[in-house]
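# Breakdown of the fold
In case you want the letters, here they are:
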Amino acid sequence: MRDRAERLAGMLPGWLGWLRAPFYWAQLSAVIAVLQFPLAAYEGYFREHKYGLATQTFGPWLGDQVKLFLVNLIMFSILLPLLYAVLRRSRQWWLWGSLVAVLFQTFGALIAPVYIFPLFNTFTKLEDKSIRGPILSLARANGIEVDDVYVMDASRQTTRVSANVSGMMGTTRITLNDNLLKRCSLPEIEAVMGHEMGHYVLHHNYKGIVFFGLLIALGFGFLRVSFDGAVRRYGSTWGVNGIGDLAGLPALMLLLSVYFFVMTPVLNSGTRIEEAEADLFGLNASRQPDGAAEIALKLGEYRKLNPGPLEEMIFFDHPSGRSRIEMAMRFKAENPGENHLSSP
Ligand SMILES: [Zn+2]
């Protein structure tokens, strides 16, 4: 694949030499996509249907997968030439490499809400005043300067109830999905939006980048030891001359996935701790503990409600339903006399 990419790039004018990496990635990612297809179909299509969570037939689902593949191809065509320029030039490639990875992650978070998400879903402004009013009021009360709340037609793919805060700086927006709108009462929606605003007010986007940056720097440090060691031993058999050689990318990816696999509990716990913060913020902001508890039950459709403590620490990137209901009921008990609206 590397030799083919080199040949192709060799036929172009010199200033297009950076296309070597995209040419290589196009081949490698196609092979990976084909090899992983059975698992992706089982996980993303067949199992989702079995649990009654998917709304797409096979054709549109496959269409989304193709779009995802193309987005990935374009993003990596930008990332890889930059990354390899750094890997080839510096002896401290692990440090500069992780810096490129962090900058790219930030760039992705910045452009995704504007250029990538709309490829898969339609975003409209929430018009219903009886819902938009309380949400914007909640936003103003918590120092969030947004004029709009967006609705995403998630029901195109799934029956899952969800919402999110996406983007950074100028592209930040609060979005709720249409399943939430259709299936939930106002106290429940307020509880969810209070949680999402918590992510925004507590700067979880930026903290997430720092957290990811530390993890990725550690990961590149691991790559430096393990990849260099592997190349010293097997490099001549593999035909890989060092870190700057594109043909070493599959080995780098494999080693990095081993690293992230081992780091699963760390990654999940980092996320879960922020989610618990957003839960507490949401309860204080919305003052809808009953709504929060009802939502935790609804999320039980796709998240096990009552895992063991170790199971929750390793596998859960959000607090379990049980923890969330307990948190909401504790809040309610500590705030007696508040006239909570109860959910139907
Ligand atoms: Zn959250």
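Please refer to the structure placed before this passage.
These remarks concern the structure in this document.

## Side note on the coordination of the zinc ion
Tetrahedral metal sites with four donors have an ideal angle of 109.5 degrees; octahedral sites with six donors have ideal angles of 90 or 180 degrees. Donor atoms from the polypeptide that coordinate the zinc ion comprise H195 (NE2), H199 (NE2) and E275 (OE), at 1.9 to 2.1 Å from the metal. Mapped onto the polypeptide sequence, the residues donating to the zinc ion form the spacing pattern H-x3-H-x75-E. You can see H195 sitting in helix α7 (residues 186-201) and its partner E275 sitting in helix α10 (residues 264-286), a full 80 residues away along the chain. The class of H195 is buried, set by a relative accessible area of 8%. Residue class for E275 comes out buried when judged on its relative accessible area of 9%.

## Structural notes on the nonpolar core
Ranked by size, the top nonpolar core spans 38 residues in total, and within it L80, Y84, L87, I116, F227, L249 and L252 carry the most contacts. Sorting the residues of this core by element identifies α2 (20-50), α3 (58-89), α4 (93-116), α8 (204-238) and α9 (249-262) as the ones contributing at least two each. Sequence-distant contacts of L87, that is, excluding residues within four places in its chain, are made with W93, I243 and L252. Grouped together as the second largest cluster of nonpolar side chains are 24 residues, I144, V165, I174 and I189 included.

## Description of the packing of aromatic side chains
Each aromatic ring pair is characterised by the separation of its centres together with the angle its planes make. Enumeration over the complete set of coordinates arrives at 11 aromatic pairs. Ring geometry for F104 against F107: centres 5.9 Å apart, planes inclined by 45 degrees, an arrangement best described as tilted. Taken together, the residues F104 and F107, both in helix α4 and 3 residues apart, mark about one turn of the helix. Overall, F107 belongs to the partly exposed group, its relative accessible area being 34%. Aromatic pair F222 and Y259: ring centres 6.0 Å apart, planes at 20 degrees, arrangement stacked. You can see F222 sitting in helix α8 and its partner Y259 sitting in helix α9, a full 37 residues away along the chain. A relative accessible area of 32% means that F222 is categorised as partly exposed.

## Some thoughts on the sheet that holds strand β2 (residues 150-152)
Spatially, 4 strands are ordered β1-β2-β4-β3 in an open sheet, and the strand pairing comes out mixed. The open sheet has two free edges, formed respectively by β1 (123-125) and β3 (163-166), since each of these has just one partner strand. Strand-to-strand, the axes of this sheet are offset by a mean angle of 30 degrees, without reference to chain direction.

## Section: the pairing of strand β4 (residues 173-177)
On any regular strand, side chains alternate: one points to one face of the sheet, the next to the other face. Of all the 5 residues making up β4, 4 are buried; the element is thus mostly covered by neighbouring parts of the structure. Bridge analysis of β2 against β4 gives 3 bridges, and the strand direction is parallel. Counted as the bridge partner of M152 is N177 from β4. Two elements, β3 and β4, share 4 bridges in a ladder whose sense is antiparallel. When the sheet's bridge partners are listed, S166 is paired in β4 with R173.

## Quick look at the packing of α7 against helix α11 (residues 289-299)
The description of two packed helices rests on the angle between their axes and on the distance between the axes. It is at 8 Å that the axes of α7 and α11 come closest, and there the two elements cross at 85 degrees. Accordingly, the angle class assigned to the pair α7 and α11 is roughly perpendicular. In contact with P187, E188, A191 and V192 of α7, α11 contributes G291, A292, E294, I295 and K298.

## Quick notes on a nonpolar patch on the surface
Residues F37, L39, Y42, F46, F58, L62, V66 and L70 make up a contiguous nonpolar surface patch of about 740 Å² in total accessible area. Among the elements of the structure, α2 and α3 are those that each provide at least two residues to the nonpolar patch. For L39, the location among the structural elements is in helix α2.

## Some words on the pattern of salt bridges
All chains considered together, the criterion is met by 13 salt bridges. A salt bridge links E48 to R160, with the shortest nitrogen-to-oxygen separation between them at 2.8 Å. On the criterion of sequence distance, the pair formed by E48 in helix α2 and R160 in the loop between β2 and β3 is long-range, its members being 112 residues apart. The class of E48 is buried, set by a relative accessible area of 14%. Note that K298 and E188 form a salt bridge whose closest N and O atoms lie 3.1 Å from each other. One end of the pair, K298, is in helix α11; the other, E188, is in helix α7, with 110 residues separating them in the sequence. A single salt-bridge network, built from bridges that share partners, covers R2, D3 and D245.

## Some thoughts on the environment of E127
Secondary-structure assignment places E127 in the loop between β1 and α5 (129-141). In the structure, E127 is positioned 21 residues away from D148 in sequence and 9.2 Å away in space, judged by C-alpha atoms.

## A look at the packing of α3 against α4
Packing of α3 against α4 leaves a shortest axis separation of 10 Å and a crossing angle of 155 degrees. What the angle tells us is that α3 and α4 run roughly antiparallel. Pair α3 / α4 crosses with right-handed handedness. Between α3, through V71, M75, I78, L79, L82, L83, V86 and L87, and α4, the contact on the second element is made entirely by W93, W96, G97, V100, F104, F107, G108, I111 and I116.

Definitions and limits used
- Residues numbered from 1 in each chain as written.
- Predicted model: local features only at pLDDT ≥ 70, side-chain atom pairs only at ≥ 80, totals over all residues.
- Heavy atoms only, no water.
- Donors = N, O, S within 2.8 Å, 3.2 Å for Na, K, Ca; no water.
- Helix = DSSP H or I, 4+ residues; strand = E, 2+ residues; numbered from the N terminus.
- Buried < 20%, exposed > 50% of the residue type's maximum accessible area, 1.4 Å probe, protein only.
- Core = buried A, V, L, I, M, F, W, Y, C linked by side-chain atoms within 4.5 Å.
- Contact = heavy atoms within 4.5 Å.
- Phe/Tyr/Trp six-rings, centres within 6.5 Å; stacked < 30°, edge-to-face > 60°.
- Pairing = 2+ DSSP bridges.
- Axes fitted to C-alpha atoms, helices over the stretch in contact; angles between N-to-C directions.
- Parallel < 35°, antiparallel > 145°, perpendicular 65-115°, else oblique.
- Patch = residues over 30% accessible without salt bridge, like charges linked within 9 Å, V, L, I, M, F, W, Y side chains within 5 Å.
- Areas by Shrake-Rupley, 256 points an atom, 1.4 Å probe, with all protein chains shown as cover.
- Salt bridge = Lys/Arg side-chain N within 4 Å of Asp/Glu carboxyl O.
- Left-handed = near helix turned anticlockwise from the far one by under 90°.

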